[in-house]
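Chains, contacts and geometry: an overview
Spelled out from the first residue to the last, the chains are:
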Amino acid sequence: MISAKNITEDLNIWAKSVASVMMSRECLCCGKALQAFETDICTACLTDLPSSYTWAEEDSPADKVFWGRTRIEKVTSLFLYRGQYKKLLYSIKYKGNVRLALRLGRLLGERIAEQHIDFIVPVPLHPAKKRKRGYNQSEIICKGIEAALKKKMPLAAIENRLLERKNFTLTQTQKDRADRWENVRSAFGVNRKRAEEIGREFSRRGKIPSILICDDVLTTGATLDACASLLHRELDCRISIATLAYVP
Ligand SMILES: [Zn+2]
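Residues numbered from 1 in each chain as written. Predicted model: local features only at pLDDT ≥ 70, side-chain atom pairs only at ≥ 80, totals over all residues.

Right, let's get into the packing of helix 4 (residues 86-94) against helix 5 (residues 98-112). Helix-helix packing is characterised by the crossing angle of the two axes and by the distance between the axes. Between helix 4 and helix 5, the least distance of the axes is 8 Å, while the angle of their chain directions is 125 degrees. Here helix 4 lies oblique to helix 5, going by the angle between them. The handedness of the crossing between helix 4 and helix 5 is left-handed. Here helix 4 contributes Leu88, Ser91 and Ile92 to the contact with helix 5, which in turn contributes Leu100, Ala101 and Leu104. Of the residues belonging to the contact of helix 4 with helix 5, the class tally is five nonpolar, one polar and no charged. (Axes fitted to C-alpha atoms, helices over the stretch in contact; angles between N-to-C directions. Helix = DSSP H or I, 4+ residues; strand = E, 2+ residues; numbered from the N terminus. Parallel < 35°, antiparallel > 145°, perpendicular 65-115°, else oblique. Left-handed = near helix turned anticlockwise from the far one by under 90°. Contact = placed C-beta atoms within 7 Å. Nonpolar A, V, L, I, M, F, W, Y, C, P; charged D, E, K, R; others polar.)

Now the structure itself:
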């Protein structure tokens, strides 16, 4: 559905893309001058991208983050969050580098092409943060994934109404791990109406929807666990996870 809000958001993303094209002509990772055909990352740094190989491994360390918590089919991360490669996420999150988010999202999508996906769901950003940043980096990564899946799974679509972010901030006193995980959960919600619509549509076809929840980075897994467990409560579905980076 095209709304004024969507158009404003798209314009905002477009403006950020233009701004990111004007960025410096140095490799974001090593700082060396880029060749004319390179953007953001030099060929050497791209070749050396510390691959997480989570997609190729059965029961990978990233899969194990969720063991004993929420049922997750598969966790796929593009690269390990370390060294100079941390700068890539910084550029996406704080420098408005939408172009890089799309590009890495596409690469991530290529690792997912063997899985069946019906919905690509971004982790929603706190509304105040989204206003300030002008975009949700997870949504942009999802656009990259969607583009990569287009050939094999033309029906896999971005679904950004299902998960909601509440206006909720953690307090300093919520320190112990169990509390923290529970509190992260209360920062998110599921749009029940949308969940019911999807549930009805799929049960009519005798199918269970496969959902891919997407974020920029997997660290403790608390945020993604919160989103996945809330979705499992409201909808009979299979859930996988995709992130650009993984902190081992
Ligand atoms: Zn480089």
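On the basis of which strands lie adjacent, the open sheet formed by five strands has the order 1-7-6-2-3 and parallel pairing. The sheet is open, and its two edges are formed by strand 1 (75-80) and strand 3 (157-158), each paired on a single side. Pairing geometry for strand 1 and strand 7 (residues 238-246), over five bridges, is parallel. Bridge pairing links Ser77 to Thr243 in strand 7. Contacting strand 2 (119-122), strand 3, strand 6 (210-218) and strand 7, helix 7 (residues 137-149) runs over the sheet at an angle of about 125 degrees to strand 6. Across the face of the sheet, helix 10 (residues 222-234) comes into contact with strand 6 and strand 7 while running at roughly 165 degrees to strand 6. (Pairing = 2+ DSSP bridges.)

What follows concerns the environment of Asp225. By the element assignment, Asp225 lies in helix 10. For Asp225, a count of 20 C-beta atoms within 10 Å gives the class buried. Here the alpha-carbon distance between Asp225 and Thr70, two residues 155 residues apart in the chain, equals 6.2 Å. In this structure Asp225 touches Phe66, Arg69, Thr70 and Trp181, once residues within four positions along its chain are discounted. (Buried ≥ 20, exposed ≤ 12 C-beta atoms within 10 Å, placed from the backbone.)

This next bit is on helix 7. Owing to its 3.6 residues per turn, the α-helix aligns residues three or four sequence positions apart on the same side. Look at helix 7: 19 Å from first C-alpha to last across 13 residues, which is about the 18 Å you get at 1.5 Å a residue. With eleven of 13 residues buried, helix 7 is to be regarded as a mostly interior element. For helix 7, the complete set of buried residues consists of Gln137, Ser138, Glu139, Ile140, Ile141, Cys142, Gly144, Ile145, Glu146, Ala148 and Leu149. (Expected span 1.5 Å × (residues − 1).)

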